[in-house]
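Inside the fold
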2 protein chains.
Amino acid sequence: MNITETINQIQPLDQVSMQASRERQDQLTKPAGSLGRLEELSIQLAGIQGKALPTLKEKVIITMAGDHGVVAEGVSAYPQEVTPQMVLNFLRGGAAINALARHVGARVVVVDMGIAAEIEDVSGILIRRRVGSGTMNLTQGPAMKREQAEESIQSGIEIALTEISRGADILGTGDMGIGNTTPSAAIAACILGHDPEIIVGRGTGVDDDGLARKVNAVKRGLKINKPKSEDGLDVLAKVGGFEIGGLAGVMLGAASKRTPVMVDGFISTAAAMIAVTIAPECRPYLISAHRSKEKGHALMLEWLGLKPLLDFDLRLGEGTGAALGISMAEAACKVLSEMATFGEAGVSGKENK
Amino acid sequence: MNITETINQIQPLDQVSMQASRERQDQLTKPAGSLGRLEELSIQLAGIQGKALPTLKEKVIITMAGDHGVVAEGVSAYPQEVTPQMVLNFLRGGAAINALARHVGARVVVVDMGIAAEIEDVSGILIRRRVGSGTMNLTQGPAMKREQAEESIQSGIEIALTEISRGADILGTGDMGIGNTTPSAAIAACILGHDPEIIVGRGTGVDDDGLARKVNAVKRGLKINKPKSEDGLDVLAKVGGFEIGGLAGVMLGAASKRTPVMVDGFISTAAAMIAVTIAPECRPYLISAHRSKEKGHALMLEWLGLKPLLDFDLRLGEGTGAALGISMAEAACKVLSEMATFGEAGVSGKENK
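Residues numbered from 1 in each chain as written. Chains lettered and ligands numbered in written order. Predicted model: local features only at pLDDT ≥ 70, side-chain atom pairs only at ≥ 80, totals over all residues. Heavy atoms only, no water.

1. Re the sheet that holds strand β6 (residues 286–288) of chain B
All names here are of chain B. The strand order across the open sheet built from six strands is β3-β2-β1-β4-β5-β6, with neighbouring strands paired in parallel fashion. Pairing within the sheet leaves two strands with one partner each, and these edge strands are β3 (127–128) and β6. The sheet contact formed by strand β4 (residues 170–176) and strand β5 (residues 261–263) spans two bridges and is parallel. In the strand pairing of β5, Leu 171 is matched with Val 261. Contacting β1 (59–66) and β2 (106–114), helix α5 (residues 96–104) runs over the sheet at an angle of about 145 degrees to β2. (Pairing = 2+ DSSP bridges. Helix = DSSP H or I, 4+ residues; strand = E, 2+ residues; numbered from the N terminus. Contact = heavy atoms within 4.5 Å. Axes fitted to C-alpha atoms, helices over the stretch in contact; angles between N-to-C directions.)

2. A word on the environment of Glu81(B)
Mapped onto the elements, Glu81(B) comes out in the loop between β1 and α4 (82–92). For Glu81(B), a relative accessible area of 43% corresponds to the partly exposed category. Within the structure, Glu81(B) has its side chain in polar contact with the side chain of Ser348(A) (distance 2.4 Å). (Buried < 20%, exposed > 50% of the residue type's maximum accessible area, 1.4 Å probe, protein only. Polar contact = N/O pair within 3.5 Å; in protein donor to acceptor, adjacent residues only side chain to side chain.)

3. Describing the interface of chain B and chain A
Each partner contributes residues to the interface: chain B has 63 residues there, and chain A has 63 residues. Linking chain B to chain A there are two salt bridges. Put simply, Arg102(A) and Glu338(B) hold a salt bridge, and the shortest N to O gap is 2.9 Å. In this assembly, chain B and chain A are joined by 23 residue pairs in polar contact (both at pLDDT 80 or more). (Salt bridge = Lys/Arg side-chain N within 4 Å of Asp/Glu carboxyl O.)

4. Some details on the pattern of salt bridges
Residue and element names in this part refer to chain B. Per the counting criterion, the structure on display carries 32 salt bridges over all chains. When the shortest N-O distance is used, the salt bridge between Arg 37 and Glu 40 registers 3.3 Å. Pair noted here: Arg 37 and Glu 40 are both in helix α3 (residues 36–49), with a separation of three residues, about one helical turn. Given the relative accessible area of 8%, Arg 37 is considered buried. On the basis of relative accessibility, which here comes to 43%, the residue Glu 40 falls in the partly exposed class. Across the pair Lys 219 and Glu 197 runs a salt bridge whose closest N-O atoms are separated by 3.1 Å. Within this pair, whereas Lys 219 is found in helix α8 (residues 208–225), its partner Glu 197 is found in the loop between α7 (181–192) and α8, the two being separated by 22 residues in sequence. The exposure class of Lys 219 is partly exposed, given its relative accessible area of 35%.

5. Concerning the domain arrangement of chain A
Interface size, as often reported, equals the accessible area lost upon joining of the parts. All names here are of chain A. With domains assigned, chain A is organised as domain 1 (3–54 + 336–345) and domain 2 (59–328). Contacts between the two partners involve 19 residues from domain 1 and, on the opposite side, 25 residues from domain 2. Carbon and sulfur atoms make up 63% of the area that domain 1 and domain 2 hide from each other, which totals about 1,800 Å². Looking at the side of domain 1 facing domain 2, the largest losses of area belong to Ile 3, Ile 10 and Arg 37, adding up to 34% of the total buried there. Linking domain 1 with domain 2 are zero salt bridges, by the criterion used here. Counting the contacts that link domain 1 with domain 2 gives eight residue pairs in polar contact (both at pLDDT 80 or more). Mapped onto the side of domain 1 that touches domain 2, the elements with two or more residues apiece are α1 (3–8) and α3 (36–49). Broken down by element, the residue count for the side of domain 1 that touches domain 2 peaks at nine residues, all from α3. (Domains from an automatic or database assignment. Buried area = accessible area lost by both parts, 1.4 Å probe.)

6. Things to note about the relation of the copies chain B and chain A
Copies of the same chain, two in number, are related to each other by a rotation about an axis and a translation along it. Expressed as a screw transformation, the operator carrying chain B onto chain A has a rotation angle of 180 degrees and an axial translation of 0.0 Å, and the superposed copies differ by an RMSD of 0.0 Å. These values place the two chain copies in the arrangement generated by a two-fold rotation axis. Relative to the rotation axis, the closest C-alpha in chain B is found at Leu310(B), a distance of 3.2 Å. A symmetric contact is evident, with 100% of the interface residues of chain B recurring at the interface of chain A. (Least-squares fit on C-alpha atoms with pLDDT ≥ 70 in both.)

7. Concerning the sheet that holds strand β6 (residues 286–288) of chain A
Taken together, the six strands give an open sheet; going across it, the order is β3-β2-β1-β4-β5-β6 (chain A), and neighbouring strands pair in parallel fashion. The strands lining the two open edges of the sheet, one partner per strand, are β3 (127–128) and β6 of chain A.

8. Comments concerning the packing of aromatic side chains
For the structure shown, the criterion picks out two aromatic pairs over all chains. With a centroid separation of 6.5 Å and an interplanar angle of 15 degrees, the aromatic rings of Tyr78(A) and Phe342(B) are classed as stacked. In this pair, Tyr78(A) sits in the loop between β1 (59–66) and α4 (82–92) while Phe342(B) sits in helix α14 (residues 342–345), so the two residues belong to two different chains. (Phe/Tyr/Trp six-rings, centres within 6.5 Å; stacked < 30°, edge-to-face > 60°.)

9. What about the packing of helix α13 (residues 320–338) of chain A against α5(B)?
In contact at an axis separation of 9 Å, α13(A) and α5(B) are set at 140 degrees when each is read in the N-to-C sense. On the basis of the axis angle, α13(A) is oblique to α5(B). Of the two elements, α13(A) crosses α5(B), and the hand of that crossing is right-handed. For the pair formed by α13(A) and α5(B), the contact residues are Ser327(A), Glu330(A), Ala331(A), Lys334(A), Val335(A) and Glu338(A) on the first element and Ala99(B), Leu100(B), Arg102(B) and His103(B) on the second. Its residues assigned to classes, the contact of α13(A) with α5(B) shows four nonpolar, two polar and four charged. (Parallel < 35°, antiparallel > 145°, perpendicular 65-115°, else oblique. Left-handed = near helix turned anticlockwise from the far one by under 90°. Nonpolar A, V, L, I, M, F, W, Y, C, P; charged D, E, K, R; others polar.)

Take a look at the structure:
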């Protein structure tokens, strides 16, 4: 299914299921509304899945990796070789995303979207959808060709559809790519129309000089490439990344199959901005897991109209925040399904006081 | 063990274990500090348990129920009969706390601290530590005698010690008691020295008239009883509740055994204020699960110096927020224990950029 066909399949949330779950929430043995965000989440999930009692049994986190030519500008505190090293760490189960995914009962799908090195698949689970061997340096010209941007989104769609056909009830997004806060900030600055200074943050932890180089790289990237902010593919091609395009594709694919997406932090949110720019109808299928410590993230969430679940000062990526958010979404579904109603439990209702 | 003996056993957090866990966090395959609150939590838990690698396997939520004479003033939207009805719901597994405790793998311990009705123990798991058959109306005089306040705390200590001796690694607190936001607000207003207007909220959902009656009840209760804000037992006796005293006892008992306490919302936080007033040394053992939607809660957390983990607009009690918080604490421990170090994973460290 190509990008246009996928977008054409995205439906609005199912209002009938949402109303049914809302009514049930008001009959459960608790004061109406007293479970706050959990109630809101359960109603959104009902609308997404088109079921009055949504369920999240099979949980999958898709962590996509790619490299970035812009690292030549000294925008990261870590060397580029860390991208493949960390992907090996994912495959061996030793990274934060592995520990947190195990904790919440989710499976991690690791995808090479275009790392600048060959990776040995030590576990037999690596998915190779390499769009290139790292992007080009976005300060010198486009990060990738428009066809590559399309290919990255297409790959994300296909991976999402495959996982959903295997039974996934929710997809979490995650990223790995040394330097990828720089293209993410460029995407955000372009689409928000804001000065890069208020978006660009310290990423993995650059010092003041590194931060200045990042701001400068984003400014030069936007100036030389002039991405069209209303054309998501153009923004992705000119200042994005392969894993960012892949994650945008995951979101579109999931939305086309009535499947919720738990959006991780800064990079995943940049991918969400690409996805929503391409197809605004995918937005109701997105849930923001957390507010990242990375500068600019709050503005990006505001533009998307998403309210983050957690505020844990996370700034790691990989899908770590998404894992925790998925557990909250599952809790929301269980409350709705498993609690007794006032009638069932023989509990008296509210008085007129 | 009586209250004084319990307090005498509370030790400061173990700085050696905290330092060891802090150093390990910096060696794990992620930028230092990038897991934010999870890292802080893991270090606190190391200090509490006195282990460089803290573990939370056995999770127990202690939900204490009691009734309140002050309901005669029309301070709740629900009739008093809902307290025993909801306790039956807990015992049958149909309440929100049951669904959420199952989700996070915690066991719920239900305690009758002084409900104004006899409850049939339908499940064989109800713990009866009845200090009375509901408190007296705090607008007319003390809610309970000083000996009853001591007994409620003593019972909480004993229940905590029993659960810990059975293997509990963390205790969550929860409450049930129609009307109990009123004594909780009175405790907070007294200890904070604030006007009741800025503390008293709508509880289960009273209307404007009900809210005015609550504010008035708290004002009259403080005026007639004149609780001494520096004497936790006096505050508890004059304007508290049996389940609130019990929860304060749980906190003291847990701290005496190096066991973390996940503090639920408004009522549990009032109990924490009693516990900390009696024994300030228990404070480092407390973790705030969430910021309640109930008015005044943020001020109470500020006084305690606790930063809530979640902000989900919860206002249910029962230990529902504590259940979610316990899952976050467990995640923090797993990250610390299960992640590979840079050396183990062969991942390059930070460059000087």
